[in-house]
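Per-entry structural report
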Amino acid sequence: MNALIITCAITGAETTREKQPALPITPEEQGRAAKEAFEAGASIIHLHVRDDSGKPTQDLGRFRDSIAAIRAAAPGIIIQISTGGAVGESISNRAKPLELKPEMASLNCGTLNFGDDVFLNHPKDILSLAGLMKKHSVMPELEVYEAGMVESALKLRKDGAISDPMHFQFVLGVPGGMSGDIRNLVHLVSLIPQDSHWGVAGIGRFQLPLAMHAIPMGGHVRVGLEDNIYYSKGVLAKSNAELVARVSRFAKEFGRPVASCKEARALLGLKA
Ligand code: KMH
Ligand code: ZN
């Protein structure tokens, strides 16, 4: 079986220090978290940044500092910047970190209710973000929260806005999107082209069961404090790395190798 790519979503835009004291916020903390996640088996860091007060920001300088800190602490790790940002962020700000030409970036494939908010992704904005990714040779990770978004992603491909191989991330369990029911994952996988890559990011209590199913299904896995703050019911995770390490251990039990950064690049067709 292909090697398992583990992505660690170390910070996100919604998790707070009050709820999860181990959340990395400063560039230095993010560098440390990336190093520990790398040592535990992660080959991709999904990156949001925060300002000094801990609020989510799309500030270019902050992305630059965090990327530098992560590169210094975990050389070779793939950095995937978020163009999702926080709910309510303008598209021009969400697009900003693409100027840094990261290897990968998230591309959200549609609008959905997001808890008590609306995560707005207008078709014209999705197209403009995809265009910038193409211009800067950034590989999009297609964030899919419900089945209609697969159709939207396929239309982007048909219209030439994105190229093969497509790389999907099924983000399941957001209140307002598809739940983390395993049948939803199986259905979504059945909709995508055979030659595409996919991973699953389970939100909250869905993180572990979805990861455990993706391993034998041949998909990839995202874990981290952006998506889930707990290790088990009522027990906070000690770190991002603790969540990554558990997935690595299970992969070993299933006989599936965990991808190194080099192997992850080769699998996804990223240039070194
Ligand atoms: N913070 C969410 C509203 C992404 O990174 O592209 C969007 C999000 C997706 O986290
Ligand atoms: Zn994100």
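This structure is a prediction, so every number in the text was calculated from the model and none was measured.

1. Notes on the site of ligand 1
Near ligand 1 there are 14 residues, and of these E14, S82, G85, S106 and N108 occur at the shortest range. Between an oxygen atom of ligand 1 and a side-chain N or O atom of H46, the distance comes to 3.0 Å. For ligand 1, an oxygen atom lies 3.0 Å from a polar atom in the side chain of H48. Notes on ligand 1: free accessible area 300 Å², of which the protein chains cover 98%. For the shell around ligand 1, the per-class residue count stands at five nonpolar, seven polar and two charged.

2. Let's talk about the coordination of the zinc ion (ligand 2)
Every protein donor of the zinc ion (ligand 2) is listed here as H46 (NE2), H48 (NE2) and E226 (OE), and their distances to the metal cover 2.1 to 2.2 Å. In primary sequence terms, the donor set of the zinc ion (ligand 2) follows H-x1-H-x177-E. The two residues H46 and H48 agree in class, both being buried.

3. Some words on the nonpolar core
Counting 74 residues, the largest nonpolar core has I45, L47, L107, F168 and F170 as the members making the most contacts within it. Counting residues in hydrophobic clusters, the runner-up holds ten residues, among them I5, M104, M139 and A259.

4. Section: helix α9 (residues 261-268)
Residues of α9 that are buried include every one of C261, A264, R265 and L268, and no others. The arc enclosing the buried residues of α9, seen along the axis, measures out at 100°, which places them on a common side. Along α9, the residues that are exposed and aim more than 90 degrees away from the buried face are K262 and A266. At the exit of α9 stands G269, carrying a positive phi of roughly 75°.

5. Thoughts on the packing of aromatic side chains
Within the structure shown, the criterion is met by five aromatic pairs. Relative to W198, the ring of F170 lies with its centre 6.1 Å away and its plane at 40°, an arrangement referred to as tilted. Residue F170 is located in strand β10 (residues 167-172), and its partner W198 is located in strand β11 (residues 197-202); the two are separated by 28 residues in the primary sequence. We classify F170 as buried; its relative accessible area is 0%. Judged by its relative accessible area of 7%, W198 is buried. Grouped by ring-pair contacts, the aromatic residues F114, F119 and Y145 constitute a single cluster. The ring of Y231 has R246 sitting right over it, with the charged end atom 3.9 Å from the ring centre.

Definitions and limits used
Residues numbered from 1 in each chain as written. Chains lettered and ligands numbered in written order. Predicted model: local features only at pLDDT ≥ 70, side-chain atom pairs only at ≥ 80, totals over all residues. Heavy atoms only, no water. Near = heavy atom within 4 Å. Polar contact = N/O pair within 3.5 Å; in protein donor to acceptor, adjacent residues only side chain to side chain. Areas by Shrake-Rupley, 256 points an atom, 1.4 Å probe, with all protein chains shown as cover. Nonpolar A, V, L, I, M, F, W, Y, C, P; charged D, E, K, R; others polar. Donors = N, O, S within 2.8 Å, 3.2 Å for Na, K, Ca; no water. Buried < 20%, exposed > 50% of the residue type's maximum accessible area, 1.4 Å probe, protein only. Core = buried A, V, L, I, M, F, W, Y, C linked by side-chain atoms within 4.5 Å. Helix = DSSP H or I, 4+ residues; strand = E, 2+ residues; numbered from the N terminus. Arc of directions from axis to C-beta. Phe/Tyr/Trp six-rings, centres within 6.5 Å; stacked < 30°, edge-to-face > 60°. Lys NZ or Arg CZ within 6 Å of the ring centre and 35° of its normal.

Take it as geometry only, folks, not as evidence of what the structure does.
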